[in-house]
Number of protein chains: 2
Amino acid sequence: MAVRVSKAERQRLLREKINENPFYTDDELADMFGVSVQTIRLDRMELGIPEVRERIKNVAEENYRKVKTILGAEVVGELIDLELGKRGISIFEPTEDMVFVKTKIVKGQYIYSQAESLALSLIDAPAALIGVANIKYKYPVKVGDRLVAKAEVIRQRGNKYFVWVKIKVKEKEVFRGKFILVALEEDFLKKRSDTVEVGN
Amino acid sequence: MAVRVSKAERQRLLREKINENPFYTDDELADMFGVSVQTIRLDRMELGIPEVRERIKNVAEENYRKVKTILGAEVVGELIDLELGKRGISIFEPTEDMVFVKTKIVKGQYIYSQAESLALSLIDAPAALIGVANIKYKYPVKVGDRLVAKAEVIRQRGNKYFVWVKIKVKEKEVFRGKFILVALEEDFLKKRSDTVEVGN
């Protein structure tokens with residue numbers, strides 16, 4: 001439990017915290033300051049700080065522009081961090097239409113698509129293909145879960161990139177995948193792609 | 001090149017061929033009989049045999065009803081063969097909206113979804129989850145490609161199923177994946193699923 005401070009001091013600290021990390025939710029900030037979520041909302045309004053969803057969108061906007069292998073809009077979820085050739089982070093909240101009807105569990109396809117598009121985003125080349133993906137689903141994902149995916153280029157050999165993607169819901173890892181991607185040159189985009197062999 | 005036969009004889013053989021294997025395309029049948037595709041179409045009309053797409057749908061209808069772990073409608077593509085607990089085949093034709101804009105290559109996510117849903121279809125249990133998937137994309141897939149996926153249960157240990165899925169376009173293998181699935185009992189559908197650990 002945090003020590004209570006004056007409203008002015010709390011608002012000063014709140015602004016500082018959000019500048020440091022724009023992705024804190026109102027819930028997390030309320031916990032941090034030991035006040036209600038409603039108080040945080042009022043503070044934000046007085047300070048003219050948009051809600052977390054809006055803040056994420058603003059940061060993501062810039063990152064989408066950096067992506068080279070695919071369109072920014074093709075990245076599944078919000079791309080909140082991207083260092084081309086190195087690492088990236090995306091946040092994705094699956095919706096009702098993405099679950100298997102019987103189990104109410106989000107289809108692997110959608111979790112996979114977050115990982116796949118994030119892995120592609122990292123590659124510093126005009127185009128890239130997925131060659132191999134070794135993936136593990138550790139816990140079922142449900143609607144309401146906020147998937148935070150972190151991807152990292154682990155190794156690069158010639159035009160082959162080894163990328164690890166780990167997805168967490170809160171502190172729990174729900175998915176991890178190792179991808180091998182093949183970076184392609186500009187002229188690939190001009191020629192017929194069915195002559196390209198991806199897997200070894 | 002086939003030996004030319006009388007029209008009556010050809011139509012008799014045509015009906016026989018299609019009965020044997022309802023999935024021959026008009027192209028393949030034309031090659032088989034050494035006549036034009038137009039001739040095959042006219043023959044079919046005279047014999048009241050629907051086109052291959054329709055024939056596939058009819059067969060698939062029955063197979064969807066056999067699927068237990070997910071809804072038949074959740075199987076991606078047409079399920080043209082299913083032996084619960086053993087093997088299955090599906091056909092899927094990706095559409096324009098499924099490609100990456102820059103490369104015009106079908107997103108892995110969609111090929112993956114065909115494989116994932118087919119693997120799930122094989123399991124003879126009220127529900128199932130994907131635990132592990134090791135997949136390889138061998139050639140890029142484009143719109144117009146007809147993906148034929150064959151899946152087989154290779155091994156079963158307790159409630160774990162090892163399923164291989166191979167996807168071909170014509171004679172070329174474009175994808176292969178090894179899935180480990182966990183079959184779940186009826187009571188899973190009643191309790192909270194976030195307590196279930198999937199990976200080993």
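All residue numbers refer to position in the chain's written sequence, counted from 1. The naming scheme follows written order: chains are lettered A onward, ligands numbered 1 onward. Residue-level local features of this predicted model are given only where pLDDT is at least 70; pairs of side-chain atoms are given and counted only at 80 or more, and the full residue set underlies all totals for whole chains, interfaces and linings. Processing note: side-chain calculations cover all non-hydrogen atoms of the structure and skip hydrogens and water entirely.

Describing the domain arrangement of chain A
Here the domain parsing of chain A yields domain 1 (7–49) and domain 2 (60–195). The centre of domain 1 of chain A, based on its C-alpha atoms, is set 31 Å off from the matching centre of domain 2 of chain A. Delimitation of the domains relies on an automatic or database domain assignment.

What to know about the interface of chain B and chain A
Taken together, the 44 residues of chain B in the interface contact 44 residues of chain A. Two parts placed together each lose some accessible area; with a 1.4 Å probe, that loss summed over both constitutes the buried area. Summing both partners gives a buried area of about 3800 Å² for chain B against chain A, and 58% of it is carried by carbon and sulfur. A pair is scored as a salt bridge if a Lys or Arg side-chain nitrogen falls within 4 Å of a carboxyl oxygen belonging to Asp or Glu. Across the chain B-chain A interface, the total number found is 0 salt bridges. Counted as a polar contact is a pair of N or O atoms within 3.5 Å, where, for protein atoms, one must be capable of donating a hydrogen and the other of accepting one, and residues adjacent in sequence contribute only when both atoms are in side chains. Across the contact surface, chain B and chain A share 16 residue pairs in polar contact (both at pLDDT 80 or more). The helix and strand labels rest on DSSP assignments: H or I over at least four residues marks a helix, E over at least two residues marks a strand, and numbering proceeds from the N terminus. Here the side of chain B that touches chain A gets 10 residues from one element, more than from any other, and that element is strand E3 (residues 127–137) of chain B. For this classification, the nonpolar set comprises Ala, Val, Leu, Ile, Met, Phe, Trp, Tyr, Cys and Pro, the charged set comprises Asp, Glu, Lys and Arg, and every other residue, Gly included, is treated as polar. When the residues that make up the side of chain B that touches chain A are grouped by side-chain class, the tally is 23 nonpolar, 10 polar and 11 charged. We call two residues in contact when some of their heavy atoms are within 4.5 Å.

Quick word on the sheet that holds strand E6 (residues 172–184) of chain B
Two strands pair under a simple rule: DSSP has to find at least two bridges between them. In space, the 12 strands of this open sheet follow the order E1(A)-E2(A)-E4(A)-E5(A)-E6(A)-E3(A)-E3(B)-E6(B)-E5(B)-E4(B)-E2(B)-E1(B), with antiparallel pairing throughout. Sheet topology places strand E1 (78–83) of chain A together with strand E1 (78–83) of chain B at the edges, where each strand pairs with a single neighbour. Strand-to-strand twist in this sheet, taken as the mean axis angle between neighbours without regard to direction, amounts to 20°. Relative to strand E2 (residues 87–92) of chain B, E1 of chain B runs antiparallel, the two sharing 5 bridges. Orientation is described by lines fitted to C-alpha atoms, with helices fitted over the stretch in contact, and by angles between N-to-C directions that extend from 0 to 180 degrees.

Considering the layout of surface pockets
Residue and element names in this part refer to chain B. Cavities and pockets were defined on a 1 Å grid built over protein atoms only: a cavity is a set of grid points that admits a 1.4 Å probe from which the probe cannot escape, a pocket is an open set flanked by protein on both sides within 12 Å along at least five of seven lines, and lining residues are those with an atom within 4 Å of any such point. Grid points are joined across faces, edges and corners, and a volume is the space filled by probe spheres set on the points. Of the voids in this model, the largest pocket is the one considered here, and its volume is about 1400 Å³. Lining the largest pocket are 47 residues, with Ile-91, Arg-146, Val-148, Lys-168 and Lys-170 sitting closest to its centre. Counting only elements with at least two residues in the lining of the largest pocket, the list comes to helix H2 (26–33), helix H3 (37–47), helix H4 (52–66), E1, E2, strand E4 (147–157), strand E5 (160–169) and E6. Counted by class, the lining of the largest pocket contains 18 nonpolar, 5 polar and 24 charged residues. The residues that make up the lining of the largest pocket include at least three from each of domain 1 (7–49) and domain 2 (54–195). Considering only enclosed or pocket space, the second largest pocket measures out at about 1200 Å³ in volume.

Here we look at helix H4 (residues 52–66) of chain A
Residues and elements named next belong to chain A. Helix span is expected to be 1.5 Å times the residue number reduced by one. For H4, spanning 15 residues, the distance from its first C-alpha to its last is 22 Å, which sits close to the expected 21 Å at 1.5 Å a residue. Given a residue, its bend is the angle between the two axes fitted to the seven residues that end at it and to the seven that start from it. Of all the bends in H4, the greatest, near 25°, is centred on Ala-60. Each residue gets one of three labels from its accessible area relative to the maximum for its type: buried under 20%, exposed over 50%, partly exposed in between, using a 1.4 Å probe on protein chains only. Listing the buried residues of H4 in full gives Val-52, Arg-55, Ile-56, Ala-60, Asn-63 and Tyr-64. Tucked into the core, H4 has its buried residues touching helix H1 (7–20), helix H2 (26–33), helix H3 (37–47), E1 and strand E2 (87–92).

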